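Residues per chain are reported as follows:
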Amino acid sequence: MLIRSAEQDIERVIYTEKAIAARVEEIGAELTRRLGDKRPVLVCVLKGASFFYIDLCRCMNCAIDMDFISVSSYGAGAQSTGVVRLIKDLDNNITGRDVVIVEDIIDSGLTMHYLKELLSARKPASITTVSFLDKSTCHDKSLKTDICGFEIPDEFVVGYGLDYANYYRNLPYIGILRPECYK
């Protein structure tokens, strides 16, 4: 088996570690302005949003509660299966709470739509949606998140928590994966 470095599999970097840090800080400040006098529950959509989520929590200057949910619509492939499965539910009751869903990427919008419906049924005071990346050309405009880190082209991206078959999550930047690596 040939072992290659992850960098060989990256076609090009589209967001550097420095650009990511600066944008996450801006999003943290915006959420603090919006929700600072409340104690929101930030819900991390595992596993992809974990890097963004931790950095975002550190950039918020207000009291927060942290929770985690895990869903899957990709499995080990490069395209959504079209079906969202709940793998791990929240640990806390969100009734009457201000909730912030923190997602890694909006592609088809299916996962975020599913999560908004699921959590809305639990009667939170409000739901704010945050995505690190958005492929806005791939979904209906009605699925737009409240706050977006970066809009990206319809390319398969990895790094900063995003993966292909559980590889590349630990890259400190966002890069476009070479097609030969996933086709």
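Everything numeric here is computed off the predicted structure, so don't read it as measured data.

(A) Focus on the pairing of strand β9 (residues 174-177). Of the pairings in the sheet, the one linking strand β1 (residues 10-15) to β9 comprises four bridges and is antiparallel in character. Its bridge partner lying in β9, Y15 is registered against I174. Examined bridge by bridge, strand β8 (residues 157-158) and β9 share two bridges and lie antiparallel to one another. Directly across from V157, in β9, lies its bridge partner I176.

(B) Layout of the sheet that holds strand β3 (residues 65-72). Pairing is mixed across the open sheet formed by six strands, whose spatial order is β4-β3-β2-β5-β6-β7. Whereas interior strands pair on both sides, the edge strands pair on one side only; in this sheet they are β4 (85-88) and β7 (147-151). The average undirected angle you get between the axes of adjacent strands in this sheet is 25°. Here three bridges tie β3 to β4, and the two strands are oriented antiparallel to one another. Within the sheet, the bridge partner assigned to S72 lies in β4 and is R85. Packing against the sheet, helix α3 (residues 110-120) makes contact with β2 (41-46), β3, β4, β5 (98-106) and β6 (126-134), and its axis sits at approximately 165° to β5.

(C) Expanded view of the environment of I106. Here I106 is to be found in strand β5. Beyond its immediate chain neighbours, meaning those up to four positions away, I106 contacts M112, S131, L133, D134, K135, H139, L143 and T145.

Calculation notes
Residues numbered from 1 in each chain as written. Predicted model: local features only at pLDDT ≥ 70, side-chain atom pairs only at ≥ 80, totals over all residues. Heavy atoms only, no water. Pairing = 2+ DSSP bridges. Helix = DSSP H or I, 4+ residues; strand = E, 2+ residues; numbered from the N terminus. Axes fitted to C-alpha atoms, helices over the stretch in contact; angles between N-to-C directions. Contact = heavy atoms within 4.5 Å.

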